[in-house]
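# Coordinate analysis (summary)
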Amino acid sequence: ESFNALAEAPVDGIFAIKNAYLADTDPSKIDVGVGAYRDDTGKPVVMKAVQKAERLLLEEPHNFEYLAIDGIPEFKRLASELLFGADCPALKEGRIATVQSLSGTGALRLGGELIHQVLGPDTTVYVPTPTWENHNNVFEHCNLKVKAYRYYNPQTLWLDFDALMQDIESIPNGSVMLFHACAHNPTGIDPTPEQMSAIVDKCKAKQHLVILDSAYQGFASGDLERDSFFIRTFAQSGQEFMVAQSFSKNMGLYGERTGTLNVVCATPAKAKVILSHLKAFCVRSNYSNPPSHGARIAARVLSDPALRAEWVAELASFADRIKAMRKLIYDRLVELKTPGSWERIIKQIGMFSYTGLSVEQCEVLIKQYHIYLLKSGRVSMAGVTTSTATKIADAIDHVVRTVPARL
């Protein structure tokens, strides 16, 4: 009877949409809910470089021994260089504490646990409005408080940069703030490079501890360097901050749970202390040590020049396909003269498009058209194909014309 007081937990919104899609027997159903890349036939993709790296690893002598608590050293080095650049002074000086993590979510959890230990349970983490819904869950389960800062303006359907900067200024000095490194989820709206630089300067002036969630490096624009601009600008500023890194999207290692947490410190001595705390009090007491397979694959891809070049090219092709799907939907909406301006669809970046549709409009798309998107209006553009783009655009046109939007 120990568990009698427990009530059934709510189903995660993203997985609820996925379950509804799987239960739908309509042959024309379309899944644009879950954030996972699909090819132009709607099928999951295993990247060619990843396949080759895995085959090479399986042909070599290997075992299934435990990894070190903080993971594979070569993987950690290569992953950090991908984020910060091999010539980053903080890397060269040994000022970055890095642990291998259970992808990006696991990295965020480790970061939250570290914040709880260092700053205490009354610490507040400020996240953008809106943000990936699991951000709240992760930090709240680290016994941290979560509050929102302004990011998206539902009237302009774009970034509210002035309000964002006002909130960075108004929250207490030394606060913890989370930003998306690139390809903001769910809006697909990133600050410009100039705005990113201004955010970095303001956070430094306010002595905020920043967490950057890097889930889409290379997947957003197709350019690994461009997608790391926010991260590298923070590194150049000299302030301490964290980066949660995921290889789920940019290498397709979704189920392998491959990532890192990086804590950029003021001195090598402080990085050594932080690493010891991450190992002893965050990783060891949680899952002891990380899984090896995905990290070994990623390390092989990143270290082999031919595999790396193939991976970079294929990653760019993924980003290009998503841009092409955005253009197909946008062009069809323009052709239909759908009420409103839809340029945001082609101006947004990365996997997701924040359509601006209301909950009621989304419900009609799901029930009447069997188009499974989040009820926030978020569409995974990676799930759109050449054969479904017109149907999606036509359905959007219908609900915009017939279902009143509630702002």
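Let me sum up the structure you'll find in this document.

Conventions and cut-offs
Residues numbered from 1 in each chain as written. Predicted model: local features only at pLDDT ≥ 70, side-chain atom pairs only at ≥ 80, totals over all residues. Heavy atoms only, no water. Core = buried A, V, L, I, M, F, W, Y, C linked by side-chain atoms within 4.5 Å. Buried < 20%, exposed > 50% of the residue type's maximum accessible area, 1.4 Å probe, protein only. Helix = DSSP H or I, 4+ residues; strand = E, 2+ residues; numbered from the N terminus. Salt bridge = Lys/Arg side-chain N within 4 Å of Asp/Glu carboxyl O. 1 Å grid on protein atoms, 1.4 Å probe; cavity = no way out; pocket = protein on both sides within 12 Å on 5 of 7 lines; lining within 4 Å. Points joined across faces, edges and corners; volume = space filled by probe spheres on them. Nonpolar A, V, L, I, M, F, W, Y, C, P; charged D, E, K, R; others polar. Pairing = 2+ DSSP bridges. Axes fitted to C-alpha atoms, helices over the stretch in contact; angles between N-to-C directions. Phe/Tyr/Trp six-rings, centres within 6.5 Å; stacked < 30°, edge-to-face > 60°.

## Points about the nonpolar core
- M251, W311, I329 and V384 are the most contacted members of the largest nonpolar core, which totals 67 residues.
- Here this core gets 9 residues from one element, more than from any other, and that element is helix α13 (residues 305–336).
- C88, L164, M165 and A181 belong to the second-largest nonpolar core, a separate cluster that totals 34 residues.

## Observations regarding the pattern of salt bridges
- Per the stated rule, a full pass over the model turns up 17 salt bridges.
- Between E225 and R232 there is a salt bridge; the shortest N-O distance is 2.5 Å.
- The partner of D397 in a salt bridge is R401, and the shortest N-O contact between them spans 2.9 Å. With D397 and R401 both in helix α16 (residues 389–402), this residue pair falls 4 residues apart, about one helical turn.
- When its relative accessible area of 11% is taken as the criterion, D397 is described as buried.
- Overall, R401 belongs to the partly exposed group, its relative accessible area being 45%.

## A closer look at the layout of surface pockets
- Within this model, the largest pocket holds a volume of roughly 640 Å³.
- Here the residues of the lining of the largest pocket are counted per class, giving 12 nonpolar, 11 polar and 6 charged.
- One number sums up the size of the second largest pocket: a volume of about 390 Å³.
- Around the second largest pocket sit 18 residues that line it, and V118, L209, E240, F241 and K270 are the ones nearest its centre.
- Elements that contribute at least two residues to the lining of the second largest pocket include exactly α5 (103–119), β9 (241–246), β10 (258–264) and α11 (268–283).
- Looking at which element gives the most residues to the lining of the second largest pocket, the answer is α5, with 4 residues.
- For the lining of the second largest pocket, the per-class residue count stands at 11 nonpolar, 4 polar and 3 charged.

## Focus on the sheet that holds strand β3 (residues 124–129)
- Spatially, 7 strands are ordered β2-β10-β9-β8-β7-β3-β4 in an open sheet, and the strand pairing comes out mixed. Strands with a single pairing partner mark the edges of an open sheet, and in this sheet they are β2 (96–102) and β4 (145–150). With direction set aside, neighbouring strand axes in the sheet form an average angle of 25 degrees.
- In the sheet, β3 pairs with strand β7 (residues 176–180) via 2 bridges, with the strands oriented parallel. Residue Y126 lies in a different strand from β7, and its bridge partner there is M177.

## Concerning the packing of aromatic side chains
- Taken as a whole and assessed by the stated rule, the structure comprises 12 aromatic pairs.
- Between Y37 and F219 the ring centres are 5.9 Å apart and the planes differ by 80 degrees, which places this aromatic pair in the edge-to-face class. Separated by 182 residues along the polypeptide, Y37 in the loop between β1 (30–31) and α2 (48–59) and F219 in the loop between β8 (209–214) and α9 (224–227) bring together distant segments of the chain.
- Its relative accessible area of 5% is what places Y37 among the buried residues.
- Given the relative accessible area of 1%, F219 is considered buried.
- Here the aromatic rings of F219 and F318 are separated by 6.4 Å at their centres, their planes lie at 70 degrees, and the arrangement is edge-to-face.

Just geometry here; none of it tells us what the structure is for.
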